[in-house]
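Tertiary structure, described
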Amino acid sequence: MDLVDTVVATPRPRPMSEARSLANAAYRARSSVLEMSARGGCFVGSALSCVDLLVELYFRQLRVDPIDPHWDARDIFLLSKGHAVPALYAVLAERGFLRRERLMTHLEVEGSVYWHPNRDIPGVEFHSGSLGHCLPVGLGIALERARSRDTDRRQSQVFVMLGDGELNEGSVWESLLVAPQLLSNGLTVIVDRNRIQANERTEMLVPLEPLRSKLEAFGWRVVETNGHDFPALERAFELCGERPSVLLAETNRGCGVESLQNRVGGWFVHASPTELELYQRELLASHRAAWGEQE
């Protein structure tokens, strides 16, 4: 095998019941994100683009235990694009790490559900939000695990999710450069490639393309896939992990809500009651349409 081969994932059929179960979890998580947006506002577009990725991770990929979130041999997930944390909180609630009702305390003074990942929430591994930090942290964790004398810890995996706009940070590229030289496996980077950062298209600010070939040149295995297709995501993750890997997930900002989808201006949303009702109707319609259901 060449040092820098790439694999483009192809969907593998799965039982309808499993695909539907994952889609239902993603629908509920998106609904929770919208509800949080009405409680002081949040970065809805970025959160909605990565919900499916998080559902795939927490329901099929990560070795974690909601009953024992600090289990020593667990897999580690770091959300480097911390402003998308409503999606993480919502999926953690779906997975059983916390009660869904706790999400409705978003931004309350005495609460711990706020705009960036908070380790007071079960399942959150690292405070993030200042972009470019989590890949260096994830690399350090992966190195420690790889050198552990404990077999279970050595077998654990580290996953780091980056926003594509976050790739403008130099610390990301420093870690991308060194990781393949230090690790043989155990680290997977997920790039949420929705092609929008803040209020502008990524390619209009600091162009990233040809992104795949750049990552290959640094020594990473690159897998490209649709970030909203669960069968494709499962196959893509199967192709990662043999050595430091990057999953380039093509996504849509605001996915599932027509009024917000792929909108440059949909970065931060503080939904009014009327807007929340509209967004929830659009989300339900999108979910039903995906399964050929009538309203």
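Scroll up to find the structure this text is about.
A brief look at the structure comes next. Because the structure is predicted, anything quoted here is derived from the model rather than measured.

Turning our attention to the environment of Ala 179. Checked against the element boundaries, Ala 179 lands in helix 6 (residues 170-182). In this structure, the C-alpha to C-alpha distance between Ala 179 and Glu 125, residues 54 residues apart in sequence, is 20 Å. Beyond its immediate chain neighbours, meaning those up to four positions away, Ala 179 contacts Leu 139, Leu 187, Trp 220 and Pro 244.

Here we come to helix 10 (residues 273-290). With 18 residues, helix 10 extends 26 Å between its outermost C-alpha atoms, agreeing within 8% with the 26 Å of an ideal straight helix rising 1.5 Å per residue. For helix 10, the set of buried residues is Leu 276, Tyr 279, Gln 280, Glu 282, Leu 283 and His 287. On an axial view of helix 10, the arc spanned by its buried residues comes to 165 degrees, and they lie on one face. Of the exposed residues in helix 10, those oriented more than 90 degrees away from the buried face are Thr 274 and Ala 289. Taken from the residues just after helix 10, Gly 292 is the one with a positive phi, measuring 65 degrees.

Attention now moves to the pairing of strand 7 (residues 221-226). In terms of strand pairing, strand 7 meets strand 8 (residues 245-250) through 6 bridges, oriented parallel. Following the sheet pairing, Val 223 is matched in strand 8 by Leu 247. Taken together, strand 7, helix 9 (residues 230-239) and strand 8 constitute a β-α-β crossover, and its handedness is right-handed.

Our focus in this paragraph is the packing of aromatic side chains. Taken as a whole, this structure holds 7 aromatic pairs when the rule is applied. On the numbers, 6.2 Å between centres and 85 degrees between planes, the contact of Tyr 58 with Phe 97 is edge-to-face. You can see Tyr 58 sitting in helix 2 (residues 44-61) and its partner Phe 97 sitting in the loop between helix 3 (85-95) and helix 4 (134-146), a full 39 residues away along the chain. Comparing Tyr 58 with Phe 97 shows no difference in burial state: the two are buried.

Looking now at the nonpolar core. In this structure, Leu 54, Leu 57, Tyr 58, Phe 77, Leu 88 and Met 161 are the most contacted members of the largest nonpolar core, which totals 58 residues. By residue number, the principal contributor to this core is helix 2, which donates 10 residues. What Phe 77 contacts, discounting residues up to four positions off in sequence, is Leu 54, Leu 57, Tyr 58, Leu 62, Leu 88, Glu 125, Phe 159 and Met 161.

Overall, the coordinates contain 21 salt bridges when judged by the stated rule. Asp 72 is the salt-bridge partner of Arg 153, the closest N and O atoms lying 2.7 Å from each other. Taken together, the positions of Arg 153 in helix 5 (residues 151-155) and Asp 72 in the loop between helix 2 and strand 2 (76-79) put the pair 81 residues apart, joining distant regions of the chain. With a relative accessible area of 13%, Arg 153 lands in the buried category. Here the salt bridges share partners, and the residues they tie into one network are Asp 164, Arg 193, Arg 195, Glu 203, Glu 209 and Glu 250.

Moving on, we come to a nonpolar patch on the surface. A cluster of nonpolar residues, Tyr 114, Trp 115 and Phe 268, forms a patch on the protein surface that exposes about 270 Å² of accessible area. Of note, Phe 268 is situated in the loop between strand 8 and helix 10. Phe 268 gets classed as partly exposed once you look at its relative accessible area, which sits at 35%.

Running from N to C, helix 2 and helix 9 point in directions that differ by 60 degrees, and their axes come no closer than 10 Å. The angle between helix 2 and helix 9 places the two elements in the oblique class. Every pair of crossing elements has a handedness; the one defined by helix 2 and helix 9 is right-handed. Taken together, the residues of helix 9 that come into contact with helix 2 (itself represented by Asp 52, Leu 53, Val 55, Glu 56, Leu 57, Arg 60 and Gln 61) are Phe 230, Pro 231, Leu 233, Glu 234 and Phe 237. The residue makeup of the contact of helix 2 with helix 9, split by class, is 7 nonpolar, 1 polar and 4 charged.

To continue, consider the environment of Thr 251. Of note, Thr 251 is situated in the loop between strand 8 and helix 10. A C-alpha to C-alpha distance of 9.4 Å links Thr 251 and Leu 48, two positions 203 residues apart in sequence.

Residue Pro 210 is reached from Glu 209 by a cis peptide bond, and omega for that bond is 0 degrees. Its location among the elements puts Pro 210 in the loop between helix 7 (202-205) and helix 8 (211-217). Of note in the backbone geometry, Leu 107 takes a positive phi value of approximately 70 degrees without being a glycine. By the element assignment, Leu 107 lies in the loop between helix 3 and helix 4. Residue class for Leu 107 comes out partly exposed when judged on its relative accessible area of 29%. Despite not being glycine, Asn 262 has its phi angle at roughly 60 degrees, a positive value.

Conventions adopted
Residues numbered from 1 in each chain as written. Predicted model: local features only at pLDDT ≥ 70, side-chain atom pairs only at ≥ 80, totals over all residues. Heavy atoms only, no water. Helix = DSSP H or I, 4+ residues; strand = E, 2+ residues; numbered from the N terminus. Contact = heavy atoms within 4.5 Å. Expected span 1.5 Å × (residues − 1). Buried < 20%, exposed > 50% of the residue type's maximum accessible area, 1.4 Å probe, protein only. Arc of directions from axis to C-beta. Pairing = 2+ DSSP bridges. Right-handed = clockwise from strand over helix to strand, strands pointing away. Phe/Tyr/Trp six-rings, centres within 6.5 Å; stacked < 30°, edge-to-face > 60°. Core = buried A, V, L, I, M, F, W, Y, C linked by side-chain atoms within 4.5 Å. Salt bridge = Lys/Arg side-chain N within 4 Å of Asp/Glu carboxyl O. Patch = residues over 30% accessible without salt bridge, like charges linked within 9 Å, V, L, I, M, F, W, Y side chains within 5 Å. Areas by Shrake-Rupley, 256 points an atom, 1.4 Å probe, with all protein chains shown as cover. Axes fitted to C-alpha atoms, helices over the stretch in contact; angles between N-to-C directions. Parallel < 35°, antiparallel > 145°, perpendicular 65-115°, else oblique. Left-handed = near helix turned anticlockwise from the far one by under 90°. Nonpolar A, V, L, I, M, F, W, Y, C, P; charged D, E, K, R; others polar.

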